[in-house]
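Structural features, examined
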Amino acid sequence: MLGGFCVTRDADSKASTRARLRLARASVDVPTRERAGSALRRTIGTWWEHASESRGRMDRGEAAVASFRSMPTEPPVDAVNAALYERGATVLLPVCEPDFRLRWARWTPTTPLVRSAVVPIDHPPGPTVDLAAVADGPGHQLDVGLLLIPALAVDESGQRLGQGGGYYDRFLARWRAHSRHGVLAAVVYDDEVLPAGSFDVLPHDQPVDLVFTPDRVLDLRDR
Ligand SMILES: Nc1nc2c(c(=O)[nH]1)N(C=O)[C@@H](CNc1ccc(C(=O)N[C@@H](CCC(=O)O)C(=O)O)cc1)CN2
Ligand SMILES: Nc1ncnc2c1ncn2[C@@H]1O[C@H](COP(=O)(O)OP(=O)(O)OP(=O)(O)O)[C@@H](O)[C@H]1O
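Residues numbered from 1 in each chain as written. Chains lettered and ligands numbered in written order. Predicted model: local features only at pLDDT ≥ 70, side-chain atom pairs only at ≥ 80, totals over all residues. Heavy atoms only, no water.

Considering the site of ligand 1
- Near ligand 1 you find 15 residues, and of these Arg-69, Thr-73, Glu-74, Ile-121 and Gln-163 are the closest.
- One of the backbone N or O atoms of Arg-69 is found 2.7 Å from a nitrogen atom in ligand 1.
- One of the side-chain N or O atoms of Thr-73 is found 2.8 Å from an oxygen atom in ligand 1.
- Protein chains bury 77% of the 690 Å² of accessible surface belonging to ligand 1 in isolation.
- Grouping the constituent residues of the shell around ligand 1 by class yields 10 nonpolar, 3 polar and 2 charged. (Near = heavy atom within 4 Å. Polar contact = N/O pair within 3.5 Å; in protein donor to acceptor, adjacent residues only side chain to side chain. Areas by Shrake-Rupley, 256 points an atom, 1.4 Å probe, with all protein chains shown as cover. Nonpolar A, V, L, I, M, F, W, Y, C, P; charged D, E, K, R; others polar.)

Okay, here's the thing in structure tokens:
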């Protein structure tokens, strides 16, 4: 207390945090970005191999990863997607639909991509599925064990700051309603993991289970 006033640090608004992070991302140089891509390929590839070993003991369907196609400023996951595909995973990428809905289309390293009509991102031409509506688990076809989720930042309690469309929050709310077992993992640069409470969190925000950075895996499920 100072002179009767309680000194607290308010969380920054989402908008001001986004502006700061976008500016920082714009100054990441090409070699740094390339190193991040190789490091993420190793980190996420190793994580997937360990997860597949435990999964091997279960009777599940086709092992799938719901990933994304990186924008030029994001930590690159192109090599991650290729590595997971080489390891036998089915890789799905998001397709943005009107009303901020996400559907998913299969991707392989030879899939030609098309530009989205809604956002400045390419995606496979389709067909698409609604992953929050398809049945998964034993006896079903698609078993999404990992969702890689783009973010501008994540705080240490797992709250995620995205680009501001609300695509993933809407999708994850529907996904969670079906009690899916897939691990929700944000992908950010190392210095984008912020102390808990660094930015505003609203009731619709969907937290993640895990954070992948080029340097580390932060598993928040045990906290
Ligand atoms: N790679 C990627 N795919 C994704 C997302 C994402 O954040 N990253 N999304 C997450 O929901 C959805 C698309 N949402 C988006 C919402 C806004 C902007 C956008 O405003 N882009 C800025 C550039 C931002 C930057 O480069 O940092 C622009 O067009 O100026 C892009 C995608 C689904 N697919
Ligand atoms: N489940 C939901 N139902 C309806 N509207 C939602 C839902 N989740 C988020 N929204 C709306 O989406 C908008 C953007 O939300 P927010 O700023 O949290 O996006 P974000 O997480 O940064 O974006 P993204 O998920 O696309 O990366 C807000 O106006 C919010 O009210």
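The rest of the description comes next.
As for the site of ligand 2
- Around ligand 2 lies a shell of 14 residues, among which Lys-14, Arg-18, Arg-160, Tyr-167 and Asp-169 are the nearest.
- Residue Gly-164 places a main-chain N or O atom 3.0 Å away from an oxygen atom belonging to ligand 2.
- Take Tyr-168: an N or O atom from its main chain is 2.9 Å from an oxygen atom of ligand 2.
- Contributing elements (two or more residues each) for the shell around ligand 2: helix 1 (14-26) and helix 4 (167-177).
- Considering each element in turn, the shell around ligand 2 owes the most residues, 4 residues, to helix 4.
- Residues of the shell around ligand 2, tallied by class, amount to 2 nonpolar, 6 polar and 6 charged. (Helix = DSSP H or I, 4+ residues; strand = E, 2+ residues; numbered from the N terminus.)

Focus on the nonpolar core
- Of all hydrophobic cores here, the largest spans 49 residues; its most connected members are Leu-146 and Leu-148.
- In terms of residue count, the dominant contributor to this core is strand 7 (residues 142-150) (6 residues).
- Excluding residues within four positions of it along the chain, Leu-146 makes contact with Ile-44, Trp-47, Trp-48, Ala-64, Val-65, Ala-66, Gly-182, Val-183, Ala-185 and Phe-212.
- Membership of the second largest hydrophobic core comes to 6 residues, among which are Leu-152, Leu-161, Leu-194 and Phe-199. (Core = buried A, V, L, I, M, F, W, Y, C linked by side-chain atoms within 4.5 Å. Buried < 20%, exposed > 50% of the residue type's maximum accessible area, 1.4 Å probe, protein only. Contact = heavy atoms within 4.5 Å.)

Some details on the UniProt feature "binding site: substrate" (unreviewed entry) in the protein chain
- Mapped onto this structure's residue numbering, the UniProt feature "binding site: substrate" (unreviewed entry) falls at Glu-74.
- Checked against the element boundaries, Glu-74 lands in the loop between strand 1 (62-66) and helix 3 (78-86).
- Of the residues examined, Glu-74 reaches a relative accessible area of 5% and is grouped as buried.
- Leave out the neighbours within four places in its chain, and Glu-74 touches Arg-25, Arg-33, Phe-68, Arg-69, Pro-150, Gln-163 and Tyr-189. (UniProt positions renumbered as here; feature names shortened; annotations may be inferred.)

Observations concerning the sheet that holds strand 11 (residues 193-194)
- In space, the 3 strands of this open sheet follow the order 9-8-11, with mixed pairing throughout. Edge positions in the sheet fall to strand 9 (160-161) and strand 11, since each of these pairs with one other strand and no more.
- In this structure, strand 8 (residues 153-155) lies alongside strand 9, joined through 2 bridges in antiparallel fashion. Residue pairing across strands places Ala-153 opposite Leu-161, the latter belonging to strand 9. (Pairing = 2+ DSSP bridges.)

Side note on the pairing of strand 2 (residues 90-97)
- Within strand 2, 7 of the 8 residues are buried, which leaves the element mostly enclosed by the surrounding structure.
- Where strand 1 lies against strand 2, 3 bridges are found, and the strand directions are parallel. Within the sheet, the bridge partner assigned to Ala-66 lies in strand 2 and is Leu-92.
- At this point the chain moves from strand 1, through helix 3, to the parallel strand 2, and the crossover so formed is right-handed.
- In terms of strand pairing, strand 2 meets strand 3 (residues 101-107) through 7 bridges, oriented antiparallel. Paired with Pro-94 across the two strands is Trp-104, which belongs to strand 3.
- The antiparallel hairpin formed by strand 2 and strand 3 contains 3 residues in its connecting segment, where Asp-99 sits at a positive phi of about 65°. (Right-handed = clockwise from strand over helix to strand, strands pointing away.)

A look at the pairing of strand 10 (residues 183-187)
- The element strand 10 is extensively covered by neighbouring structure, given that 5 of its 5 residues are classed as buried.
- Going residue by residue along strand 10, you find Val-183, Ala-185 and Val-187 tucked away on one face and Leu-184 and Ala-186 tucked away on the opposite face as well.
- As paired strands, strand 7 and strand 10 are joined by 5 bridges and run parallel to one another. Following the sheet pairing, Pro-150 is matched in strand 10 by Val-187.
- Across 3 bridges, the pairing between strand 10 and strand 12 (residues 210-212) is parallel. Bridge assignment links Ala-186 to a residue of strand 12, and that residue is Val-211.

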